[in-house]
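A structural walkthrough
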Amino acid sequence: CGDDFLRFLTEHLEDRVYLEGQTIIKEDDEGDSCLFVVVRGTVEVWKKLRGRLGEMVPGDAFGEMFAFGIVKRRTTTIVAKTPCLLRALHQRVLMRALEIFPDERQRILYQL
């Protein structure tokens, strides 16, 4: 990704803190349309019919399928295993970035 595109995204990130056991997103929800990046802490990934799928640690991201509008509902539940610092990127910011930077849009959509 280009520097200007990344700068635009990072300027619009929102810090969010979650406590151990707190639900960040819930499977089947249609609400909060953010993509999240784990900065500190560990989160657990759960699926209703399959149980615990695994963990995510700093550097991992989740919620991209929902943020890009590929799915209409959250596909998993994410719960803070430890106190966590996450960075949230709102869907409207992501969509605006893809409008402003059409070359990046093509590159990202090609990879999806």
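As the structure is a computational prediction, the values presented were derived from the model and not from experiment. (Residues numbered from 1 in each chain as written. Predicted model: local features only at pLDDT ≥ 70, side-chain atom pairs only at ≥ 80, totals over all residues. Heavy atoms only, no water.)

**Quick notes on the overall build of the chain**
We count it as follows: Helix and strand assignments follow DSSP, with helices taken as H or I runs no shorter than four residues and strands as E runs no shorter than two, numbered in order from the N terminus. The buried label goes to any residue with under 20% of its type's maximum accessible area, the exposed label to any with over 50%, and the partly exposed label to all in between, with areas taken from a 1.4 Å probe on protein chains only. Residue burial considers only the protein chains on display, and all accessible areas are found by Shrake-Rupley using a 1.4 Å probe.
Assigned secondary structure in the chain consists of 4 helices and 8 strands. Reading the helices (α) and strands (β) of the chain from amino to carboxyl end gives α-β-β-β-β-β-β-α-β-β-α-α. Here the chain, with 112 residues, has 38% of them falling under the buried criterion. Summing over all exposed atoms, the chain offers an accessible surface of approximately 6,900 Å²; the carbon and sulfur share of this is 51%.

**Details of the sheet that holds strand β5 (residues 51-56)**
For clarity, the threshold we go by: Only strands that DSSP links by at least two bridges are regarded as paired with each other. Only C-alpha atoms enter the line fits that serve as axes; for helices the fit covers just the stretch in contact. Angles between N-to-C directions range over 0 to 180 degrees.
If you trace the 4 strands from one edge of the open sheet to the other, you get β2-β7-β4-β5, paired in antiparallel fashion. At either margin of the open sheet sits one strand with a lone partner, and together these are β2 (23-25) and β5. The average undirected angle you get between the axes of adjacent strands in this sheet is 30 degrees. Note: strand β4 (residues 43-47) against strand β7 (residues 77-80), 4 bridges, orientation antiparallel. Paired with Trp46 across the two strands is Thr77, which belongs to β7.

Geometry only, nothing functional implied.
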